[in-house]
Amino acid sequence: MVGLQEIFARRSIRKYASKPVRDEDVKALLEAAMAAPSGGNRKPWHFIVVRDRGTLNRLADDHPYGKMLYEAPLCIAVCGDPAVSPPPRQFIAQDCSAASMNILHAAVALGLGAVWIGLAHPDRVKGAREILGIPGDIVPQNLVAVGYPAEVKEPRTQYDETRIHHERW
Ligand SMILES: Cc1cc2nc3c(=O)[nH]c(=O)nc-3n(C[C@H](O)[C@H](O)[C@H](O)COP(=O)(O)O)c2cc1C
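Residues numbered from 1 in each chain as written. Predicted model: local features only at pLDDT ≥ 70, side-chain atom pairs only at ≥ 80, totals over all residues. Heavy atoms only, no water.

**Student:** Explanation requested: the overall build of the chain in the structure shown.
**Tutor:** Scanning the chain from N- to C-terminus turns up five helices and four strands. The helix and strand sequence of the chain, counted from the amino end, reads α-α-β-α-β-α-β-α-β. Here the C-alpha coordinates of the chain stretch approximately 50 × 40 × 30 Å along the principal axes. Out of the 169 residues in the chain, the part that is buried amounts to 41%. (Helix = DSSP H or I, 4+ residues; strand = E, 2+ residues; numbered from the N terminus. Buried < 20%, exposed > 50% of the residue type's maximum accessible area, 1.4 Å probe, protein only.)

Below, the structure is given as structure tokens:
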């Protein structure tokens, strides 16, 4: 069960033990991802599970902020299908982000560590497309690197009163 303690304990983990993630844990991460809310319950997501060391290395080569993929035993690429969630109510970014967040929290619950790797820059999207063979009508949204943690980070809330507005701004 993911509770408040798991939410506060979730930190970006970028160092991993050289131990593969068990198949049942990969399945649990994907079940958690697909339990996410989505606009109109359209579920416009697809997930590419990458365990091949050569492919992980190519993703790391291509991404200036994704170098932890040289060590990570697993990467889940979260992709959106715009045709499933078309304009004017297109929510693929939000829906795929919700799914990604669930992967991060499920990782904590399973004793794994993970980090979100953004694909905002067009070059990163292009790189992910080429390396992972993603069709032109599908949009890679982000990567999540996962592994058994080889670093410890403190839980924290980042609670900040100045960001809270009551009733009106
Ligand atoms: C949209 C988004 C993109 C991110 N991209 C990267 C990235 O490319 N590489 C990386 O190492 N961390 C990335 N992060 C992780 C953030 O750096 C991290 O969440 C932030 O520093 C706060 O630390 P914490 O996750 O430990 O709370 C990303 C996080 C989000 C939400």
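**Student:** Explain unusual backbone geometry here, please?
**Tutor:** A negative phi angle characterises most non-glycine residues, just as the trans form characterises most peptide bonds. Each neighbour pair has its own omega, and for Pro87 with Pro88 the value is 5°, a cis peptide bond. Its location among the elements puts Pro88 in the loop between strand S2 (74–80) and helix H4 (92–109). In this structure, Lys43 is a non-glycine residue whose phi angle is positive, near 50°. Structurally, the position occupied by Lys43 is in the loop between helix H2 (23–34) and strand S1 (45–50). The phi dihedral of Gln158 falls on the positive side, at around 60°, and the residue is not glycine. Within the secondary structure, Gln158 sits in the segment after strand S4 (139–147).

**Student:** So what exactly am I meant to see when it comes to the environment of His46 here?
**Tutor:** For His46, the position within the fold is in strand S1. Between the C-alpha atom of His46 and that of Ile138, which follows or precedes it by 92 residues, the distance is 8.8 Å. When neighbours within four sequence positions are excluded, His46 is seen to be in contact with Ala77, Val78, Cys79 and Asp81. (Contact = heavy atoms within 4.5 Å.)

**Student:** In this structure, what is going on with the state of the cysteines? I would like to understand it.
**Tutor:** Put plainly, a disulfide is one covalent bond tying together the sulfur atoms of two cysteines. Inspection of the entire model under this criterion finds zero disulfides. Looking at Cys75, it has no disulfide partner, and the nearest cysteine sulfur is the one in Cys79, 9.8 Å off. (Disulfide = S-S within 2.5 Å.)

**Student:** Is there a simple way to think about the packing of aromatic side chains in this case?
**Tutor:** Two numbers describe a pair of aromatic rings. These are the distance of the centres and the angle of the planes. The full count for this structure, using the stated rule, is one aromatic pair. Between Trp45 and Phe47 the ring centres are 6.4 Å apart and the planes differ by 40°, which places this aromatic pair in the tilted class. Each member of the pair, Trp45 together with Phe47, is buried. The ring of Tyr148 carries the charged tip of Lys19 above its face, separated from the ring centre by 4.1 Å. (Phe/Tyr/Trp six-rings, centres within 6.5 Å; stacked < 30°, edge-to-face > 60°. Lys NZ or Arg CZ within 6 Å of the ring centre and 35° of its normal.)

**Student:** Explain the pairing of S2 to me, please; I cannot follow it from the model alone.
**Tutor:** Where a strand is regular, its side chains alternate between the two sheet faces. For S2, a buried count of seven out of seven residues is recorded, marking the element as mostly surrounded by other parts of the structure. Every second residue of S2 is oriented toward a common face, with Leu74, Ile76, Val78 and Gly80 on one face and Cys75, Ala77 and Cys79 on the other, all of them buried. In this sheet, S4 lies alongside S2 in antiparallel orientation, the contact comprising seven bridges. When the bridges of S4 are listed, Gly80 appears paired with Val139. (Pairing = 2+ DSSP bridges.)

**Student:** Please clarify how the site of the ligand should be interpreted in this entry.
**Tutor:** Around the ligand lies a shell formed by Arg10, Arg11, Ser12, Arg14, His63, Tyr65, Met68, Val115, Trp116, Ile117, Gly118 and Arg156. One of the side-chain N or O atoms of Arg14 is found 2.7 Å from an oxygen atom in the ligand. Within the contact set of the ligand, a nitrogen atom lies 2.9 Å away from a backbone nitrogen or oxygen of Tyr65. If the ligand stood free it would expose 620 Å²; the protein chains cover 61% of that surface. Per-class residue counts for the shell around the ligand are five nonpolar, three polar and four charged. (Near = heavy atom within 4 Å. Polar contact = N/O pair within 3.5 Å; in protein donor to acceptor, adjacent residues only side chain to side chain. Areas by Shrake-Rupley, 256 points an atom, 1.4 Å probe, with all protein chains shown as cover. Nonpolar A, V, L, I, M, F, W, Y, C, P; charged D, E, K, R; others polar.)

Any link to function would need more than the numbers given here.
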